[in-house]
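Listed below, chain by chain, are the residues.
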Amino acid sequence: MNINWYPGHMKKTRELIQRELTMVDLVYEMVDARIPRSSRNPDIDDLLAKKPRIILLNKADLADPQMNQAWIHQYRKEGHASVLVNTHKKQGFKEIFSLTDSIMREKRERDAQKGMKNTRTRVMVVGIPNVGKSTLINAIAGKKTAQTGDKPGVTKSKQWIKAEGFIELMDTPGVLWPKLDTEEVAKHLAFTGAITDRILDEETLAWELLKDGIEQKHPGMIERYGDPESMDAAQYMEEIGKSRGFLLRGGVADTEKVGRVVLDEFRGGLWGPITLERP
Ligand SMILES: Nc1nc2c(ncn2[C@@H]2O[C@H](COP(=O)(O)OP(=O)(O)OP(=O)(O)O)[C@@H](O)[C@H]2O)c(=O)[nH]1
Ligand SMILES: [Mg+2]
């Protein structure tokens, strides 16, 4: 599987982030808890210069709880403020606010000395496509201002949203980087839905996912689709098709449909909580 894809709008987003950075006090770098390595931009340090940053490990509900803790530990060891987040349940929000508050305290005190009262904290939210940036902003703001969706590339331009209290948030479009480091990074981004399915062959992608699942004897996969035993991924797809009744004329399994369904179920958390990468 070869993913060589860097659309022009992502280059523009990078430029937008760099340009707008001077306007913000703080950055929330949103990362996918299922792929905590592959979902981080390798040159994020250059991109964000020295702006204070909090890493939000989002979609914690879809990831392995033990791995969640291990990754938070890892980020903190590397010197990053980081919080485990489930945006749907607003889990981690209190911690986000208290960290934001403590990082901004010095600036607020300086502002207060200059006679500026209740100055707002301006936060830019960045991350790969589909990681949950707009959902987070809506949840913090308590209103559905930013458009969201379960596919990458929903947000097209920047947008400032005033939240309750002292925070103002800037939504940005999802961004990847020009060259994905390894085949594994590309696969993991595609499995979890950060790369648009328009440029991917879903059947091949699902085959890759099941191949990895078979190698790792993934319990959630086995529980859902049965034990592959000595089958390879292609045979397994056919079996899944037959047992689900996804058949073409002549009783042949519709592996294209199997591919779509397997990807949907994996992304929707139906394999159970799963983290594809270890610290
Ligand atoms: N399970 C789960 N799903 C989440 C969480 N946060 C967001 N989502 C879902 O992830 C999908 C993408 O959310 P968006 O907020 O549109 O993502 P985005 O980062 O703004 O995406 P782009 O604008 O395309 O870059 C939506 O279907 C959300 O409901 C979470 O904590 N857990
Ligand atoms: Mg968005």
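Residues numbered from 1 in each chain as written. Chains lettered and ligands numbered in written order. Predicted model: local features only at pLDDT ≥ 70, side-chain atom pairs only at ≥ 80, totals over all residues.

## Notes on the domain arrangement of the protein
Right, on to step 1. Along its sequence, the protein is organised into domain 1 (8-171) and domain 2 (201-267).
Right, on to step 2. Between domain 1 and domain 2, the C-alpha centre-to-centre distance is 36 Å. (Domains from an automatic or database assignment.)

## What to know about the nonpolar core
Right, on to step 1. Leu 56, Leu 57 and Val 125 are the most contacted members of the largest nonpolar core, which totals 64 residues.
Right, on to step 2. With 6 residues, helix α7 (residues 202-215) is the largest single contributor of residues to this core.
Right, on to step 3. Counting the residues that make up this core, at least three belong to each of domain 1 (8-171) and domain 2 (201-267).
Right, on to step 4. Other than its neighbours up to four places away in sequence, Leu 57 contacts Val 31, Ala 33, Pro 36, Asn 68, Trp 71, Ile 72, Ser 82, Val 83, Leu 84 and Val 85. (Core = buried A, V, L, I, M, F, W, Y, C linked by C-beta atoms within 7 Å. Buried ≥ 20, exposed ≤ 12 C-beta atoms within 10 Å, placed from the backbone. Helix = DSSP H or I, 4+ residues; strand = E, 2+ residues; numbered from the N terminus. Contact = placed C-beta atoms within 7 Å.)

## Some remarks on the sheet that holds strand β6 (residues 167-171)
Right, on to step 1. Read across the open sheet, the 6 strands follow the order β3-β2-β1-β4-β6-β5; overall the sheet is mixed. Strands with a single pairing partner mark the edges of an open sheet, and in this sheet they are β3 (81-84) and β5 (159-162). For this sheet the average axis-to-axis angle between neighbouring strands, irrespective of direction, equals 25°.
Right, on to step 2. Relative to β6, β5 runs antiparallel, the two sharing 4 bridges. The residue bridging Gln 159 from the neighbouring strand is Asp 171, located in β6.
Right, on to step 3. In this fold helix α5 (residues 133-141) packs onto β1 (26-32), β2 (53-58), β4 (121-127), β5 and β6, with an angle of close to 160° to the strand it touches most, β6. (Pairing = 2+ DSSP bridges. Axes fitted to C-alpha atoms, helices over the stretch in contact; angles between N-to-C directions.)

## With respect to the site of ligand 1
Right, on to step 1. Taken together, 24 residues lie near ligand 1, and Gly 132, Thr 135, Asp 150, Thr 155 and Gly 174 sit nearest.
Right, on to step 2. Among the elements that line the shell around ligand 1, the one with the most residues is α5, at 3 residues.
Right, on to step 3. The residue makeup of the shell around ligand 1, split by class, is 6 nonpolar, 14 polar and 4 charged. (Near = placed C-beta within 6 Å. Nonpolar A, V, L, I, M, F, W, Y, C, P; charged D, E, K, R; others polar.)

## Points about helix α10 (residues 255-267)
Right, on to step 1. Here α10 spans 18 Å end to end across 13 residues, near enough to the 18 Å set by a 1.5 Å rise per residue.
Right, on to step 2. Among the residues making up α10, those that are buried are Val 258, Gly 259, Val 262, Leu 263 and Phe 266. In a view along the axis of α10, the buried residues occupy a sector of 125°, so they form one face of it.
Right, on to step 3. Elements that come into contact with the buried residues of α10 comprise α6 (183-191), α7 and α9 (233-244).
Right, on to step 4. Positive backbone phi, approximately 85°, marks Gly 269, located one or two places after α10. (Expected span 1.5 Å × (residues − 1). Arc of directions from axis to C-beta.)

## With respect to α9
Right, on to step 1. Compared with the 16 Å implied by 1.5 Å per residue over 12 residues, the 16 Å span of α9 between its first and last C-alpha is a close match.
Right, on to step 2. Those residues of α9 not exposed but buried are Tyr 236, Met 237, Ile 240 and Gly 241. One side of α9 holds all its buried residues, which, seen down the axis, span an arc of 140°.
Right, on to step 3. Summarising the contacts, the buried residues of α9 are in contact with α7, α8 (219-225) and α10.
Right, on to step 4. Looking at the residues trailing α9, positive phi occurs at Gly 245, about 75°.

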